[in-house]
Amino acid sequence: MTVVPHIGSARHLDVDPRTTILRGCKESLPVSNQTFDLVILGAGSGGYAAALRASQLGMSVGLIEKSKVGGTCLHVGCIPTKALLHAAEVADAARDAAKFGVKATLEGIDVPAVIQYREGIIASKYKGLQGLIKARGITMIEGEGRLTSPTTVQVGDSTITGTNVILATGSYSRTLPGLEIGGRVITSEQALQLDYVPKKVAVLGGGVIGVEFSSVWRSWGSEVHIIEALPRLVPMEEESISKQFERAYRKRGIEFTTGVRFQSVTQNESGVVVTLENGATIEADLLLVAVGRGPATAGLGFEEVGVAMDRGFVLTDERLRTNIPGVWAVGDIVPGLQLAHRGFQHGIFVAEEIAGLNPVVISDVNIPKVTYSEPEVASVGLSEAKAKEQYGDAAVASYEYNLAGNGKSHILETAGSIKVVRVIDGPVVGVHMIGARVGELIGEAQLAVNWDAHPEDVAPLLHAHPTQNEALGEAFLALAGKPLHAM
């Protein structure tokens, strides 16, 4: 294998005119002896990122996918749900237009038109990704692959051989034991296919998926009731952020029950009745099951080949190596955060690791997270409680800047805050935000955390006025001991 330096732009790459799409079935081309420097099983976020980076580095790449390149994120996850959330934002803007001096009315939601808008975005991104894969000289192999040895993947009648193999098979919507999906009990995939606005929805799970769909439906006029077994909504976030989030959802008229487990559900032609362990019942048109995602690894030969597993997840070291030399794993099948951008980073990392570039490890805690509801939640790094566990109570300081003091946030009519956690006389170790559009601020936050910046390092830098980004700057100023618009 020849490794070439990073050349930065696809337009500078030599395109291999022999690039083909191979199909794993009897009618396909005779490809039984295809051999590559790198074979990737799964073309979702982690798989195709690995393929693109490996091709830049001079490797021949076989990318195996049974469905469509782009995976969950592009087709049934990140992109389609955020399109719905934007449509919900537009609906809220129309409903509240008078408060800004604009005469407008919300006549209703044309769900087929929303779907057309959403699918147009997906189709455009899919076409672009296909073109990029082709331009990079990557061989797409269509079909369901199964690992048959540390260096081979079987696709139909074809054996695809790689010097290295990356497992990148993604995830699926989980349910609970005894809770059967079907009829009026749906997952996020079925929720995307609804062609109407339900009158009332029960949502099982108050994490990212649950609160995002709840946000969409409420903006479209549905009644929503969220059920979360843990003590608070968005339970993986900083506690003070969760409390503000719950206040915002109450204000929006979104009901929720926390700290109580689901017991059962019955359904008929007109709706569902959800029973909780405390005996309470919730009636709705639909039950959305949003209890997380499981690793899509069953029946793919991993255990038979000897890959170390735990409850379906593939175990790796911090450099994403499995226990079998030359076999790697990336994305949602690796224990930890299940985020598309984590998958991208994993894929790039492994390609560079194989090429001998010794890339930097980014721990899960320092990967940015965004919940795209109304209000948005964004965070990176340690919560204040976790920071105190790690460094000691006396060694940690924090400052929470209220968005009420930020001009742009006032213009946007949003409430919320930005909390920065630091080690005293040391670096910023966590940033936690809530409010409209705060997801757009996570870039600076993750740079500060991952580069071990001190608030004193950031304080002299300018934040354009009026922007919400100033709120982050104000928090850094306060922790540096020189607050401007804060006490």
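Model, not experiment: these values are computed from the prediction.

## Concerning helix 12 (residues 442-450)
Along helix 12, the residues that are buried comprise Ile442, Ala445, Ala448 and Val449. Seen from one end, helix 12 has its buried residues packed into an arc of 125 degrees, which puts them on one side.

## So, the packing of helix 3 (residues 78-95) against helix 6 (residues 208-219)
The geometry of helix 3 relative to helix 6 is characterised by a closest axis approach of 8 Å and an angle of 35 degrees between their N-to-C directions. Where helix 3 crosses over helix 6, the two elements pack in a sense that is left-handed. Along its contact with helix 3, which presents Thr81, Lys82, Leu84, Leu85, Ala88, Ala91, Asp92 and Arg95, the element helix 6 presents Glu212, Phe213, Ser215, Val216 and Ser219. Residues belonging to the contact of helix 3 with helix 6 are distributed by class as follows: six nonpolar, three polar and four charged.

## Focus on the environment of Glu189
Along the chain, the position of Glu189 falls in helix 5 (residues 188-192). Separated by 16 residues in the primary sequence, Glu189 and Ser173 place their C-alpha atoms 8.0 Å from one another. The contacts of Glu189, once residues within four sequence positions are left out, are Val76, Ser173 and Arg293. Within polar-contact distance, the side chain of Glu189 engages the side chain of Arg293 at 3.5 Å.

## A closer look at the packing of aromatic side chains
For the structure on display, the rule yields three aromatic pairs. Ring plane angle 35 degrees and centroid distance 4.3 Å describe the contact between Phe245 and Tyr249, whose orientation is recorded as tilted. Here Tyr249 and Phe245 lie together in helix 7 (residues 239-252), a separation of four residues that amounts to about one turn. Owing to a relative accessible area of 0%, Phe245 belongs among the buried residues under this scheme. The class for Tyr249 is buried, based on a relative accessible area of 0%. The lysine or arginine in question, Arg252, covers the ring of Tyr249, its NZ or CZ lying 5.8 Å from the ring centre.

## What about the pattern of salt bridges?
Counted by the stated rule, this structure contains 18 salt bridges. A salt bridge links Lys82 to Glu212; its shortest N-O distance comes to 2.8 Å. Here Lys82, found in helix 3, pairs with Glu212, found in helix 6; they are 130 residues apart in sequence, far enough to count as distant. Judged by its relative accessible area of 26%, Lys82 is partly exposed. Put simply, Arg342 and Asp364 hold a salt bridge, and the shortest N to O gap is 3.0 Å. With Arg342 in helix 9 (residues 340-354) and Asp364 in the loop between helix 9 and strand 21 (369-371), this residue pair connects regions lying 22 residues apart in the sequence. The class for Asp364 is partly exposed, based on a relative accessible area of 26%. Among the charged side chains, a network of salt bridges with common partners joins Glu238, Glu384, Lys388 and Lys419.

## Some details on the sheet that holds strand 22 (residues 376-381)
Spatial ordering of the open sheet is given by 21-22-25-24-23, a layout of five strands whose pairing is antiparallel. In this open sheet, the two edge strands, each paired with only one partner strand, are strand 21 and strand 23 (396-402). Direction aside, the axes of adjacent strands within the sheet are offset by 10 degrees on average. Judged from the six bridges that link them, strand 22 and strand 25 (residues 428-435) form a sheet pairing that is antiparallel. Residue pairing in the sheet places Ala378 in a bridge with Met433 of strand 25. This element, helix 7, spans strand 22, strand 23, strand 24 (417-423) and strand 25 of the sheet and lies at about 0 degrees to strand 25.

## Here we look at the pairing of strand 11 (residues 223-228)
Of all the six residues making up strand 11, five are buried; the element is thus mostly covered by neighbouring parts of the structure. Between strand 10 (residues 200-204) and its parallel partner strand 11, the chain crosses via helix 6, and the hand of that crossover is right-handed. Pairing analysis gives four bridges linking strand 11 to strand 12 (residues 255-258), with the strands arranged parallel. Residue pairing across strands places His225 opposite Glu255, the latter belonging to strand 12. Considered for its hand, the β-α-β crossover made up of strand 11, helix 7 and strand 12 is right-handed.

## Structural notes on the sheet that holds strand 14 (residues 272-276)
Pairing within the open sheet is antiparallel, and its three strands lie in the order 13-14-15. Among the strands making up the open sheet, the edge pair consists of strand 13 (262-267) and strand 15 (281-284). Taking the axes of each pair of neighbouring strands and ignoring which way they run, one obtains an average angle of 20 degrees across the sheet. Of the strand pairs in this sheet, strand 14 and strand 15 are connected by four bridges, and their pairing is antiparallel. The residue bridging Thr275 from the neighbouring strand is Thr281, located in strand 15.

Each value, and the rule that gives it
Residue positions are given per chain, counted from 1 along the sequence in the order it is written. Local features in a predicted model are, by the rule used here, given only for residues with pLDDT of at least 70; side-chain atom pairs are given and counted only at 80 or more, and totals for whole chains, interfaces and linings are based on all residues. Side-chain numbers here rest on the full set of heavy atoms in the structure, without hydrogens or water. Throughout this description, buried means an accessible area under 20% of the type-specific maximum (1.4 Å probe, protein chains only), exposed means over 50%, and partly exposed covers the range between. A run of H or I in DSSP becomes a helix once it reaches four residues, and a run of E becomes a strand once it reaches two; helices and strands are each numbered from the N terminus. In this description, the arc belongs to the directions extending from the helix axis to the C-beta atoms. Each axis is a line fitted through C-alpha atoms, and for a helix only the stretch in contact is used; angles between axes span 0 to 180 degrees, taken between their N-to-C directions. Rotating anticlockwise by less than a right angle from the far helix to the near helix defines a left-handed crossing, while the corresponding clockwise rotation defines a right-handed one. Any two residues whose heavy atoms approach within 4.5 Å at even a single point are treated as in contact. Three classes are used, and their members are as follows: Ala, Val, Leu, Ile, Met, Phe, Trp, Tyr, Cys and Pro are nonpolar, Asp, Glu, Lys and Arg are charged, and the others, Gly among them, are polar. Under the rule applied, a polar contact is a pair of N or O atoms within 3.5 Å (in protein, one hydrogen donor and one hydrogen acceptor; residues adjacent in sequence only if both atoms are side-chain atoms). Aromatic contacts are taken between Phe, Tyr and Trp rings whose centres are within 6.5 Å, Trp giving its six-membered ring; a plane angle under 30 degrees counts as stacked, one over 60 as edge-to-face, and the others as tilted. Whether a charge lies above a ring is judged from NZ of Lys or CZ of Arg, which has to be within 6 Å of the ring centre and within 35 degrees of the ring normal. What makes a salt bridge here is a side-chain nitrogen of Lys or Arg within 4 Å of a carboxyl oxygen of Asp or Glu, nothing more. The criterion for strand pairing is that DSSP finds at least two bridges linking the strands in question. When the strands point away from the viewer and the path from the first strand over the helix to the second turns clockwise, the crossover is right-handed.

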